[in-house]
Amino acid sequence: MLEILYRDEHLIAINKPSGLLVHKSFYSGDADTYAIQELKKQIGQKVYPVHRLDRKTSGVLLFTLDKDTLRMMSTQFEEKKVEKKYIAILRGWAKEEETIDYDLVNENEVTQNAITYYRRLQTSEIDLPFLKHQTSRYCLVEAIPETGRFHQLRKHFKHILHPILGCRKHGCNKQNKLWLQTFGINKMTLHAHQLIFNHPISNERITVNATIDDEFKRVGDILKLDLSAYS
């Protein structure tokens, strides 16, 4: 059963598990389970996704229950009136805060402007030898993407040389292998923990929060990070 975070007659939000695709696409591979069909079966009515989360990204995923509401919510996203907050664990210690303004090329080879603001929340250094270093450093950040490009956060953190721990395509595979061999963990530590928007009908300001899963907590425990605000 999917965890329902918010529901009324127009909207429904879930805490999407890591590994669950939102819908069938070119990138689906041999997957046969999707958030859209699972939620439709669970509540007994059709749902319409307003935005997307990567397969390995967990967290708040918003749907509408009718097409009129979908149009209104889509407009809010297009006009950048929706605030999306993510947490991520990065390799190394990133700056205390930074705005990454770095264009990205999408799957159709089109260059698009992409902007991400992040702030560093906590740092960690553990006795885990890596290459020439006797310890390994990590940090917890909150990231707010101002644009919504494909794999934006993963690409942007790779660009500043602080890739997301557990990200394969845009991460550090040597670190990922080290974590798998040492701790048995291959979790991508990227989670959409909060979505803030105006209700399309009542105009009430809505905040939806999603807690992290057990595997994310396990990574936090190893790094001695305080993740209680997200649990």
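Just so it is clear, the model here is predicted, and its values are computed rather than measured.

Cut-offs used in this document
- Residues numbered from 1 in each chain as written.
- Predicted model: local features only at pLDDT ≥ 70, side-chain atom pairs only at ≥ 80, totals over all residues.
- Heavy atoms only, no water.
- Salt bridge = Lys/Arg side-chain N within 4 Å of Asp/Glu carboxyl O.
- Helix = DSSP H or I, 4+ residues; strand = E, 2+ residues; numbered from the N terminus.
- Buried < 20%, exposed > 50% of the residue type's maximum accessible area, 1.4 Å probe, protein only.
- Phe/Tyr/Trp six-rings, centres within 6.5 Å; stacked < 30°, edge-to-face > 60°.
- Core = buried A, V, L, I, M, F, W, Y, C linked by side-chain atoms within 4.5 Å.
- Arc of directions from axis to C-beta.
- Polar contact = N/O pair within 3.5 Å; in protein donor to acceptor, adjacent residues only side chain to side chain.
- Contact = heavy atoms within 4.5 Å.

Participant: Looking at this structure, I do not really get the pattern of salt bridges. What am I missing?
Facilitator: Oppositely charged side chains can form a pair if their charged atoms are brought close together. Counting across every chain of the model gives 12 salt bridges. The shortest N-O distance in the salt bridge between E38 and K41 comes to 3.3 Å. Placement of the pair is E38 and K41 together in helix α1 (residues 35-43), with a separation of 3 residues, close to one helical turn. Exposure remark for E38: the relative accessible area of 23% places this residue in the partly exposed category. The exposure class of K41 is exposed, given its relative accessible area of 60%. Note that K85 and E83 form a salt bridge whose closest N and O atoms lie 3.8 Å from each other.

Participant: Got a minute to help me understand the packing of aromatic side chains in this structure?
Facilitator: Both the distance between ring centres and the angle between the ring planes are used here to describe each pair of aromatic rings. As enumerated under the stated definition, the model contains 3 aromatic pairs in all. Measuring from ring centre to ring centre gives 5.5 Å for Y118 and F157, while their planes differ by 65°; the resulting arrangement is edge-to-face. Of this pair, Y118 sits in strand β9 (residues 115-126) while F157 is found in helix α3 (residues 152-159), placing the two residues 39 residues apart along the sequence. Of the two residues, Y118 and F157, neither departs from the other in class, the shared state being buried. Centroid distance Y138 to W179: 5.7 Å. Interplanar angle 90°. Geometry classified as edge-to-face.

Participant: Looking at this structure, I do not really get the nonpolar core. What am I missing?
Facilitator: Note on soluble globular proteins: their nonpolar side chains tend to be buried together. In this structure, L39, F63, L90, Y118, F157 and I164 are the most contacted members of the largest nonpolar core, which totals 30 residues. Listing elements by their share of this core, those giving two or more residues are β2 (11-16), α1, β4 (58-64), β5 (83-91), β10 (136-145), α3 and β11 (190-198). Among the nonpolar cores identified, the runner-up in size contains 19 residues, and I126, F130, I212 and F216 belong to it.

Participant: How do you make sense of unusual backbone geometry when you look at a structure like this?
Facilitator: One can expect most non-glycine residues to show negative phi and most peptide bonds to be in trans. Its identity is not glycine, yet K80 carries a phi of approximately 60°, on the positive side. Looking at the element boundaries, K80 is found in the loop between α2 (67-78) and β5.

Participant: What is the right way to read helix α5 (residues 214-223) from this model?
Facilitator: In an α-helix there are 3.6 residues to a turn, and that puts residues three or four apart on one side. Taken residue by residue, α5 has F216, V219, G220 and L223 as its buried positions. End-on view of α5: buried residues confined to an arc of 100°, all on one side of the axis. In α5, those exposed residues whose orientation departs by more than 90 degrees from the buried face are D214 and D221. The opening residue of α5, the one whose side-chain oxygen lies 3.3 Å from the backbone nitrogen of E215, is D213.

Participant: What am I meant to see in the environment of R154 here?
Facilitator: Checked against the element boundaries, R154 lands in helix α3. Of the residues examined, R154 reaches a relative accessible area of 9% and is grouped as buried. Along the sequence, R154 and G171 sit 17 residues apart, while their C-alpha atoms lie 7.5 Å from each other. Discounting residues that sit within four places of it in the chain, R154 has contacts with D54, I164, C167, K169, H170, M188 and L190.

These figures come from the coordinates and say nothing about function on their own.
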